[in-house]
Amino acid sequence: MITMQHVCKTYKVSKRDAGFSSAFKALFHKEYEYIHALDDVSFTISDGEMVGYIGPNGAGKSSTIKILSGILTPEQGTCLVNGMTPWKNRIAYVKNIGVVFGQRTQLWWDVPVMDSFELLKEIYRIDTPSYRRTLTELTEMLGLSSLLQMPVRQLSLGQRMRCEIAASLLHDPEILFLDEPTIGLDAVSKLAVRDFIKKRNQEKNTTVILTTHDMQDIEALTDRVILIGKGSILLDGTIEDIKTGFESTEEALAAFYRSHHI
Amino acid sequence: MRKYLAFFRLRFSMGLQYRAAALSGVITQFAWGVMEILMFRAFYRADAEAFPMTFQATASYVWMQQAFLALFMVWMMENEIFNSITDGNIAYELCRPVDIYNMWFARSLANRLSRAVLRCMPILVVTIFLPAPYGLMRPVSFSAFLLFLLTLFLGLWVTAAFCMLIYMTCFFTISPMGVRMVATSVVEFFSGAVIPLPFFPDGFRQVAALLPFASMQNVPLRIYSGDLAGKEMWQAVSLQIFWLFALTFIGKLLNTLAMKKVTVQGG
C-alpha cells in the first residue's frame, strides 16, 4: 500500500542569461528561481497494482520516484509505503523496494555482470537457495544466460538494461519503481522487458510504478494511469479516459498536454 | 559487516585485473626512486653530517615509499566515487540497504591494497639486492618490522579516512576539483611524501608531527629505517590511533549531514 498526501518538493535553481557579461554579473549577484517540482501531490496505490506514471518532461515524475525510493525528502506532506516513511530510516526501508533508473547504471563497469549480482546478494543478505532460484528465473525470463559472464562495459544498452532490471529484482522486492525502464531499447528487448514486468506482477503480485514516455508501455502494461504536469496530478484514471476521440494515444496525450498548457 | 566485506572483495579483485597499469606503475616508481636517491646522494656528498637520517635510512625510506605508494597517495582517489556523486549514479547506492560511508571506506581500502599488492613485490625484491647504501636495508629488528607492518596498516586507515572527508565534501560542492587539488598538495607536503619530515627545520617539524598527515606514511617508513624508535615512536603510534578515530568520526558526521541534504539532479 502506497499513500502520498499533499507532497510538495521545491528546487532552488540558479539562473542567468547566456553570455559573458551575465556570467560576470552572476559572480556578484546570483539569481535563484524556485521550481515547484511537486505541488500538493496525493495518490493511493494498493498492493499488486500496476500504475503508469506519465507526464511531459520536467513534470515531476522522477522527483516522485526519488521521494518514493527514499532518496529525496519533500518539504511538505506525508508518504507511507507499507507503513514506512521512505526518507526516514532509509536503510531499513529500501530492503523491500526495487528501483530501476533507466538513465543510470548500478552495475560495476569493469567486471562481469555476475560479480555485481553476487555483491547484491551480500548487500541484501539473500540466502543462497532463494538467490539461486531468483537468478535462474530472471536469467530465463530476461534471456541473460550469455550475458552474465561478460564485463558490463561490453554490453549494449538493451543488454545492460535487462541486467539492470534483474539486479533490481534479485532480492524479490514487494514494490518495484521503474523510471523509464525501456528508454533506448530495441523492439525485442522492449517486449522482453514488458513481458517480464507483467509476469512479475501477475505471479508475485508485485506492486509496480512505472514512468515512461512510451505509450505502448503504458497500453501493454497498466490499467491505471496517473498523469502529472507541472507538479500537480491532472488525471488519475485509465488511458481510455484520455484516448477518447483520438486515433493514437500519442496524439491524444499531446492534445491533453496542450489543453492544460503543460 | 559482511556486505562491506563483499564490497572490499569485489573492488580488490577488480583492482587486480589492471595488469598494464601495475607494470607501468612499477616502472615509474623505480625511475622516481632512482631519481630521488641520486638527488639525496648529491646533498649527502656535500655534507652528510647536516642530515638527521643516514643516507642508508633515507634510501630505504624512499624505496619503501615507492613500494607502498598506492597505500598513501591521497591523489589516488576513486574517480568512480566522485562521478557517482556528480552524475547522480549515487541514486542507486542510496536505494540500497548500505551505509554510504562504510561502503566507500571498504572500497577505498580495497582499491589501495589491490594496487599496492601488485606493485610492491617487484620493487621490494629488486631494491633489497641493490648494493648498500643505495638499496633497501634489512629491517633493524624483528620487532621493528612488526611495528612497521602495524603502523603501515594504521597509516593506510588514516589515509583512507582522510580521503573520505574529501569525498564527503563533494556532496556540498558541485565540482570536487578544487577541494581535491588543495587537499592533495597539502597532504603531499605535510605527510613527508616530498621530503621526509625529519628534514624540516625545528619548530615546523614539531607542529607537523602532530597533524593527521604525519600519521600516514611518515610513521611506518621511519620505523622501518630505524629513525623512529623508543618513546617518540609510541607517541607517533598513539597519534595515529587518535587521528584514525577523529577522522572517521568527522567523516561519519559529514556523511550524516550529506544524507540529509542530498538532491539527485536530472533524469
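Residues numbered from 1 in each chain as written. Chains lettered and ligands numbered in written order. Predicted model: local features only at pLDDT ≥ 70, side-chain atom pairs only at ≥ 80, totals over all residues.

**A closer look at the overall build of chain B**
In step 1: If you tally the helices and strands in chain B, you get 12 helices and zero strands.
In step 2: Counting helices and strands in the order they occur from the N terminus, chain B gives α-α-α-α-α-α-α-α-α-α-α-α.
In step 3: Scaling as 2.2 N^0.38, a compact globule of 267 residues should have a C-alpha radius of gyration of about 18 Å, and chain B matches this with 19 Å.
In step 4: With respect to the three principal axes, the spread of C-alpha positions in chain B is 65 × 40 × 35 Å.
In step 5: When each of the 267 residues of chain B is scored for burial, the buried share is 43%.
In step 6: The long-range fraction of contacts in chain B, counting pairs at least 24 apart against all pairs at least 6 apart in sequence, stands at 81%. (Helix = DSSP H or I, 4+ residues; strand = E, 2+ residues; numbered from the N terminus. Rg over C-alpha atoms; globule rule 2.2 N^0.38 Å. Buried ≥ 20, exposed ≤ 12 C-beta atoms within 10 Å, placed from the backbone. Contact = placed C-beta atoms within 7 Å.)

**Remarks on the overall build of chain A**
In step 1: Of regular secondary structure, chain A possesses 10 helices and nine strands.
In step 2: Here the C-alpha atoms of chain A give a radius of gyration of 20 Å, agreeing with the 18 Å that 2.2 N^0.38 yields for 262 residues.
In step 3: In terms of its C-alpha atoms, chain A occupies a principal-axis envelope of roughly 55 × 50 × 40 Å.
In step 4: The proportion of buried residues among the 262 residues of chain A is 41%.
In step 5: Across chain A, contacts joining residues at least 24 apart in sequence account for 71% of those joining residues at least 6 apart.

**Section: the interface of chain A and chain B**
In step 1: Between chain A and chain B, the residue contacts involve 24 residues of the former and 19 residues of the latter.
In step 2: The set of elements that each furnish at least two residues to the side of chain A that touches chain B consists of helix 2 (61-68), helix 3 (90-94), strand 5 (97-101) and helix 4 (113-123) of chain A.
In step 3: Tallying contributions element by element places helix 4 of chain A first for the side of chain A that touches chain B, with four residues.
In step 4: Residues that form the side of chain A that touches chain B fall into these classes: 11 nonpolar, six polar and seven charged. (Nonpolar A, V, L, I, M, F, W, Y, C, P; charged D, E, K, R; others polar.)

**Focus: the nonpolar core**
In step 1: Core analysis: the biggest nonpolar cluster contains 139 residues, and Ala166, Leu170 and Phe177 of chain A together with Phe68 and Met164 of chain B have the highest contact counts within it.
In step 2: The leading source of residues in this core is helix 8 (residues 142-169) of chain B, at 15 residues.
In step 3: With sequence-adjacent residues up to four places away left out, Phe68 of chain B is seen in contact with Ala116, Cys120 and Leu152 of chain B. (Core = buried A, V, L, I, M, F, W, Y, C linked by C-beta atoms within 7 Å.)

**As for unusual backbone geometry**
In step 1: Of note, the amide linkage connecting Ala132 of chain B to Pro133 of chain B takes the cis form, showing an omega dihedral of 0 degrees.
In step 2: Looking at the element boundaries, Pro133 of chain B is found in the loop between helix 7 (100-128) and helix 8.
In step 3: Notably, Asn89 of chain A is not glycine yet its phi reads approximately 50 degrees, a positive angle.

**Focus on the sheet that holds strand 6 (residues 175-179) of chain A**
Residue and element names in this part refer to chain A.
In step 1: The strand order across the open sheet formed by six strands is 5-6-7-3-8-9, and the pairing between neighbours is mixed. Sheet topology places strand 5 and strand 9 (232-237) at the edges, where each strand pairs with a single neighbour. Across the sheet, the axes of successive neighbouring strands diverge by a mean angle of 15 degrees, strand direction being ignored. (Pairing = 2+ DSSP bridges. Axes fitted to C-alpha atoms, helices over the stretch in contact; angles between N-to-C directions.)

**Thoughts on the confidence of the model for chain A**
In step 1: Here chain A averages 89 in pLDDT, while 100% of its residues score no lower than 70.
In step 2: Between the elements of chain A, mean pLDDT differs from a low of 82, seen in helix 9 (residues 239-243) of chain A, to a high of 94, seen in helix 4 of chain A. (pLDDT = per-residue confidence, 0-100.)

**Quick notes on the pairing of strand 6 of chain A**
Residues and elements named next belong to chain A.
In step 1: For strand 6, a buried count of five out of five residues is recorded, marking the element as mostly surrounded by other parts of the structure.
In step 2: The alternating pattern of strand 6 places Ile175, Phe177 and Asp179 and Leu176 and Leu178 on opposite faces, both of which are buried.
In step 3: Two elements, strand 5 and strand 6, share five bridges in a ladder whose sense is parallel. Among the inter-strand pairings, Val100 is bridged to a residue of strand 6, identified as Leu178.
In step 4: The pairing of strand 6 with strand 7 (residues 207-211) spans five bridges and is classified as parallel. Across the sheet, the residue bridging to Phe177 is Ile209, located in strand 7.

**Side note on helix 12 (residues 230-261) of chain B**
Residue and element names in this part refer to chain B.
In step 1: If you check helix 12, its first and last C-alpha atoms are 47 Å apart, about what 32 residues at 1.5 Å a residue would give, namely 46 Å.
In step 2: By the burial criterion, the buried members of helix 12 are Ala236, Gln240, Trp243, Leu247, Gly251 and Asn255.
In step 3: For helix 12, the elements touching its buried residues are helix 7, helix 8 and helix 11 (218-224). (Expected span 1.5 Å × (residues − 1).)

**Considering the pairing of strand 1 (residues 2-15) of chain A**
All names here are of chain A.
In step 1: Two elements, strand 1 and strand 2 (residues 31-45), share 11 bridges in a ladder whose sense is antiparallel. When the bridges of strand 2 are listed, Lys12 appears paired with Tyr34.
In step 2: As paired strands, strand 1 and strand 4 (residues 76-81) are joined by five bridges and run antiparallel to one another. Directly across from Thr3, in strand 4, lies its bridge partner Leu80.

**Describing the packing of helix 2 (residues 19-46) of chain B against helix 7 of chain B**
Residue and element names in this part refer to chain B.
In step 1: Contact pair helix 2 / helix 7: the axes reach a minimum separation of 9 Å and the direction vectors enclose 45 degrees. Overall, the two elements helix 2 and helix 7 adopt an arrangement that is oblique. For the element pair helix 2 and helix 7, the recorded crossing hand is right-handed. Packed against helix 2, whose contacting residues are Ala22, Gly25, Val26, Gln29 and Phe30, the element helix 7 presents Leu118, Arg119, Pro122 and Ile123 at the interface.
In step 2: Counted by class, the contact of helix 2 with helix 7 contains six nonpolar, two polar and one charged residues. (Parallel < 35°, antiparallel > 145°, perpendicular 65-115°, else oblique. Left-handed = near helix turned anticlockwise from the far one by under 90°.)

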